[in-house]
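For reference, the chains in residue letters:
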Amino acid sequence: MRTQSRSVAQIKTGSEVRAFLALAVPLAGAQVAQAAVGFVDTLMMGRLGAETLAAGGLAAISFQLLLAVIGGFVMTVGPLVAQAFGAGQREQVEAIARQGFWLSLGLSLPMMAVLSQLDRMLLGLGQPEAIAALTTPYFQGILWGAFPALAFAMLRGYAAALAEAQVVIVIVLVGTVFNIVGNYALGFGKWGFPALGLGGLGLSSGLSYWLMFGLFLLYTLKHPNLKEYRFWRGWHRLQPRLVGRLLGMGGEIAVTIALEFSLFAVVTFLMGILGPEVLAAHQTVYQTIYLIFMVPLGMSYAATARVGLAFGQQDMGAARRAGYMAMAIAAAFMLLATLGLLLFRQSIIGLYLDLRDSTNDPVVALALPMLFVAALAQLTDGVQRVASGALYGLQDTRMPMVLSGLAFWGVGLTTGYLLGFWLGLDGVGLWIGQSIGVATAGIIFVIRFHRLTRPGRAV
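Residues numbered from 1 in each chain as written. Predicted model: local features only at pLDDT ≥ 70, side-chain atom pairs only at ≥ 80, totals over all residues. Heavy atoms only, no water.

Draft legend 1. A look at the overall build of the protein chain. Of regular secondary structure, the protein chain possesses 16 helices and 0 strands. The buried share of the protein chain, reckoned over its 459 residues, is 58%. Within the protein chain, residue pairs in contact and separated by at least 24 positions form 83% of the contacts whose partners lie at least 6 positions apart. Element-wise, carbon and sulfur atoms account for 67% of the exposed surface of the protein chain, whose accessible area totals about 18200 Å². (Helix = DSSP H or I, 4+ residues; strand = E, 2+ residues; numbered from the N terminus. Buried < 20%, exposed > 50% of the residue type's maximum accessible area, 1.4 Å probe, protein only. Contact = heavy atoms within 4.5 Å. Areas by Shrake-Rupley, 256 points an atom, 1.4 Å probe, with all protein chains shown as cover.)

Draft legend 2. Region of the structure containing the packing of aromatic side chains. Summed over the entire model, instances satisfying the criterion amount to 11 aromatic pairs. Judged by centre distance (6.1 Å) and plane angle (45 degrees), the rings of Phe63 and Tyr209 are tilted. Residue Phe63 is found in helix H2 (residues 50-75), and its partner Tyr209 is found in helix H8 (residues 198-222); the two are separated by 146 residues along the sequence. Exposure class is identical for Phe63 and Tyr209. Each is buried. Ring plane angle 70 degrees and centroid distance 6.4 Å describe the contact between Trp210 and Phe213, whose orientation is recorded as edge-to-face. You can see Trp210 and its partner Phe213 sitting in helix H8, 3 residues apart, about one turn around the helix. Looking at Phe213, the relative accessible area reads 8%, which means it is buried. An aromatic cluster is built from Phe101, Phe147, Trp210 and Phe213, whose rings are joined through pairwise contacts. (Phe/Tyr/Trp six-rings, centres within 6.5 Å; stacked < 30°, edge-to-face > 60°.)

Draft legend 3. Region of the structure containing helix H6 (residues 146-161). With 16 residues, H6 extends 23 Å between its outermost C-alpha atoms, agreeing within 8% with the 22 Å of an ideal straight helix rising 1.5 Å per residue. A large share of H6 lies buried, amounting to 16 of its 16 residues. (Expected span 1.5 Å × (residues − 1).)

Draft legend 4. Expanded view of helix H7 (residues 168-188). Between its terminal C-alpha atoms H7 stretches 29 Å, which fits the 30 Å expected from 21 residues at 1.5 Å a residue. The complete set of buried residues in H7 reads Val168, Ile171, Val172, Gly175, Thr176, Asn179, Gly182, Asn183, Ala185, Leu186 and Gly187. Looking one or two residues past H7, Gly189 carries a phi angle of roughly 70 degrees, positive in sign.

Draft legend 5. How the structure looks around the environment of Ala439. Among the secondary structure elements, Ala439 is positioned in helix H16 (residues 426-452). Judged by its relative accessible area of 21%, Ala439 is partly exposed. Ala439 sits 61 residues away from Gln378 along the chain, and the two C-alpha atoms are 9.3 Å apart.

Draft legend 6. Up close: the pattern of salt bridges. One pass over the full model with this rule turns up 2 salt bridges. As a salt-bridge pair, Glu252 and Arg398 come within 2.8 Å of each other at their nearest N and O atoms. Highlighted residues: Glu252 in helix H9 (residues 240-274) and Arg398 in helix H15 (residues 398-422), separated in sequence by 146 residues. Take Arg398: its relative accessible area is 58%, and that puts it in the exposed class. (Salt bridge = Lys/Arg side-chain N within 4 Å of Asp/Glu carboxyl O.)

Draft legend 7. Geometry of unusual backbone geometry. Phi at Gln314 takes a positive value of approximately 60 degrees, unusual for a residue other than glycine. One can find Gln314 in the loop between helix H10 (276-312) and helix H11 (316-343). Judged by relative accessible area, Gln314 falls into the exposed class, the value being 62%. At Asp426, a position not held by glycine, the phi torsion is positive, near 50 degrees. Structurally, Asp426 is set in helix H16. Taking relative accessible area as the criterion, Asp426 reaches 36% and is therefore assigned partly exposed.

Draft legend 8. How the structure looks around a nonpolar patch on the surface. A cluster of nonpolar side chains, Val177, Val181, Tyr184, Trp191 and Phe193, forms an exposed patch at the surface whose accessible area comes to about 520 Å². When you line up the elements, Val181 lands in helix H7. (Patch = residues over 30% accessible without salt bridge, like charges linked within 9 Å, V, L, I, M, F, W, Y side chains within 5 Å.)

Draft legend 9. Region of the structure containing the nonpolar core. With 149 residues, the main nonpolar core has Met111, Phe216 and Trp431 as its most contacted residues. Counting residues per element, this core draws most heavily on H10, which supplies 22 residues. Setting aside residues no more than four positions away along its own chain, Phe216 makes contact with Phe152, Leu155, Arg156, Ala159, Val167, Val168 and Ile171. (Core = buried A, V, L, I, M, F, W, Y, C linked by side-chain atoms within 4.5 Å.)

In structure tokens:
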């Protein structure tokens, strides 16, 4: 009997691993490809000079932060659709997606307004005037991608919840290739286009978001399984109560993301205070870590969908299994990433800066120890992200918001500031502090998920 129970458990575990990977692989791949937009921008910025790299990297991080925070509002479409799908509520699935589009449009307008003034905000946050001035054309170019970027994020969560996200990686790869070509043409003035520098890189990135959104929307309208959910019917009708629910849950997710990503943004601003060389070194490390982080971020969307589906079916045992499988797979990947970063630190820095140019030696010397610290923090960073996605699948958003504030700001930023400025560890100290904050969040989120999915707990 015990052998039979073990066999059933193994079958369920194997089935969950396959179902999770079927979603996680394309979603993680898509996140990596989408992050490559900023990654490619940064690589090309480095060819325009160290000061341009510092300014452009700061602008790219600022845009990514703003998109991640405001995108938190539309992220709630995923867990709500997953629950409705698990419960067999077809009309509710359509209604959630329909209101998600309106929400994306409504949120894109204030996002564009913020982007148009973000250079002045950076100046007010203590960034050097020359650096802040260089960010202006990048923001003016990329702000036109605000709506498609939000709508694409909404559609990604919608398709993942319905287990039909495989095409995402193809669409994002097309968009990334488009962005690379656009960067080359508009940033450096090739093939008859004017050389717009950072402005060209920002405009190219904004146009790539329109391309990806258009392709994804066409896919949802044509795919045999997805087109059954006719969310475009009655598109002109707003449902205030449902929008309010999306804003309520989404606001809590947005605040949680803001607390996490703003930790990295504030650390970046503090790096700028320490000087352009420290900031440039930080940009090379951050962009590398950010690119790797896209894998567990994509996994977290898959975890939200799988846990949310089980939650809608009122099967807490399946929800626990889905969450823990996702965390284990994320941990395994991040261990491999840590080894790669430690073994190839010099080569990684060389992607951004010419190691043969002696003028880059100070930046390289600062970047190497930062990358060492960042590499060691990868395991906890991946687990905390997937654990938070599992909590979203349970529609648990308020407490993670509170716990994030304590972990990221109470522990991470405070520790980083003390190490970086009081103890004189500068950029390395800031990286150590934020890594401790991330590790704290990971431990707290895993414990909370364990408690919420304990046997016998009512759904």
